[in-house]
Amino acid sequence: MRIILLGAPGSGKGTQGQRLMARLNIPQISTGDLLRAAVAEDTALGRKAKVAMDAGQLVADEVVIGMIDERLTQSDAGDGFILDGFPRTQPQAVALDELLRRLGQPLDRVVNLEVGGEEIVKRLLARGRSDDSETTIRERLEVYTAHTKPLLDYYRERGLLAIVPGVGDMDAIFERVMTAIGPAPSRYHVLPA
Ligand code: AMP
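Just so we're clear, the structure is a prediction, and the values are computed from it rather than from any experiment.

Q: When you look at the overall build of the chain in this model, what are you seeing that I'm missing?
A: Scanning the chain for helices and strands turns up 9 helices and 5 strands. Sequence-ordered secondary structure for the chain, helices as α and strands as β, is β-α-β-α-α-α-β-α-β-α-α-α-β-α. Whereas a compact globule of 193 residues would reach a radius of gyration of roughly 16 Å, the chain reaches 16 Å, a difference of no more than 12%. Judged by the C-alpha coordinates and their principal axes, the chain covers about 45 × 35 × 30 Å. Taken across its 193 residues, the chain has 46% of its residues classed as buried.

This is the structure in structure tokens:
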């Protein structure tokens, strides 16, 4: 299965992505995690990305597209993957389409975790990650509305979008996500719950 998890920061993409990874036995690929690893390793890319991340802004499209290109061509992504936090802009979505066409691996589903604005701010403040200050939270939500939210239409037009309410019990949300994804094609090995 090739799945994208969409949603505002704090909508639960990371949590649900982890659970999907365990259930479907395919890697969860998070550009946020890849970028944080580059920052921790203090690479040239990491140092540049950190400035944007600390400000709640997006890292340049070509940087994250390059990371995804490299990651999706690794062998463990050959049977499918869960993208969490990518794409975040229209150029990223277009680049992903081109990459997947090249690999002959079309997307199966795009799941949007829907969570209201007030709940998002509450969750992000509670999370306490280093880029979760009140100012950066506001900036990230604006960036999300301006650049990422329009991707809902992009994938709706392609018939790939499923909207899942992302509030309430985590297990219940996960079951909604599984229902939205639909039964896995038989060639995939699905682990029991
Ligand atoms: P996340 O862990 O997904 O919330 O990402 C943390 C930060 O990494 C974001 O606020 C951005 O600065 C950066 N980032 C992650 N994914 C992307 C992406 N697809 N495009 C641009 N910047 C990204």
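Q: What exactly am I supposed to notice about the packing of aromatic side chains here?
A: The relative placement of two aromatic rings is captured by the distance of their centres and the angle of their planes. Applying the stated rule across the entire model yields 1 aromatic pair. Taking the ring centre of Tyr154 as reference, the NZ or CZ of Arg158 above it sits at 3.6 Å.

Q: I tried to follow the site of the ligand on my own but got confused; where do I start?
A: Around the ligand lies a shell of 15 residues, among which Thr31, Arg36, Gln57, Gly85 and Arg88 are the nearest. Measuring from a nitrogen atom of the ligand, one finds a side-chain N or O atom of Arg88 at 2.9 Å. At a separation of 3.2 Å, an oxygen atom of the ligand approaches a polar side-chain atom of Arg129. Compared with its free state, where it exposes 470 Å², the ligand has 97% of that area covered by protein. Of the residues forming the shell around the ligand, the biggest block, 4 residues, is contributed by helix 2 (residues 31-40). Of the residues belonging to the shell around the ligand, the class tally is 6 nonpolar, 5 polar and 4 charged.

Q: Sorry, what's going on with the sheet that holds strand 3 (residues 81-84) here?
A: Pairing between the strands of a sheet comes from backbone hydrogen bonds, and it takes one of two forms, parallel or antiparallel. Strand order across the open sheet formed by 5 strands is 2-3-1-4-5, with parallel pairing between neighbours. Edge positions in the sheet fall to strand 2 (28-30) and strand 5 (161-165), since each of these pairs with one other strand and no more. Geometrically, the sheet is characterised by an average inter-axis angle of 25° between neighbouring strands, direction not taken into account. Sheet contacts for helix 1 (residues 13-24): strand 1 (2-6), strand 2, strand 3 and strand 4 (109-114); angle to strand 1, the most-contacted strand, approximately 160°.

Q: I keep staring at the environment of Leu83 and nothing clicks. Help me out?
A: In this structure, Leu83 sits in strand 3. For Leu83, a relative accessible area of 0% gives the class buried. Measuring from C-alpha to C-alpha, the distance between Leu83 and Arg2 comes to 8.0 Å, with 81 residues separating the pair along the chain. In this view, Leu83 contacts Ile3, Ile4, Leu5, Ile29, Ile68, Leu72 and Leu96; residues no more than four positions away in its chain are not counted.

Q: Help me out: how do you make sense of unusual backbone geometry in this one?
A: Negative phi characterises most residues that are not glycine, and trans characterises most peptide bonds. Here Phe86 and Pro87 are connected by a cis peptide whose omega angle stands at 0°. Topologically, Pro87 is positioned in the loop between strand 3 and helix 5 (90-103). Of note, the phi angle at Asn25 is positive, near 60°, even though the residue is not glycine. Along the chain, Asn25 turns up in the loop between helix 1 and strand 2.

What counts, and at which threshold
- Residues numbered from 1 in each chain as written.
- Predicted model: local features only at pLDDT ≥ 70, side-chain atom pairs only at ≥ 80, totals over all residues.
- Heavy atoms only, no water.
- Helix = DSSP H or I, 4+ residues; strand = E, 2+ residues; numbered from the N terminus.
- Rg over C-alpha atoms; globule rule 2.2 N^0.38 Å.
- Buried < 20%, exposed > 50% of the residue type's maximum accessible area, 1.4 Å probe, protein only.
- Phe/Tyr/Trp six-rings, centres within 6.5 Å; stacked < 30°, edge-to-face > 60°.
- Lys NZ or Arg CZ within 6 Å of the ring centre and 35° of its normal.
- Near = heavy atom within 4 Å.
- Polar contact = N/O pair within 3.5 Å; in protein donor to acceptor, adjacent residues only side chain to side chain.
- Areas by Shrake-Rupley, 256 points an atom, 1.4 Å probe, with all protein chains shown as cover.
- Nonpolar A, V, L, I, M, F, W, Y, C, P; charged D, E, K, R; others polar.
- Pairing = 2+ DSSP bridges.
- Axes fitted to C-alpha atoms, helices over the stretch in contact; angles between N-to-C directions.
- Contact = heavy atoms within 4.5 Å.

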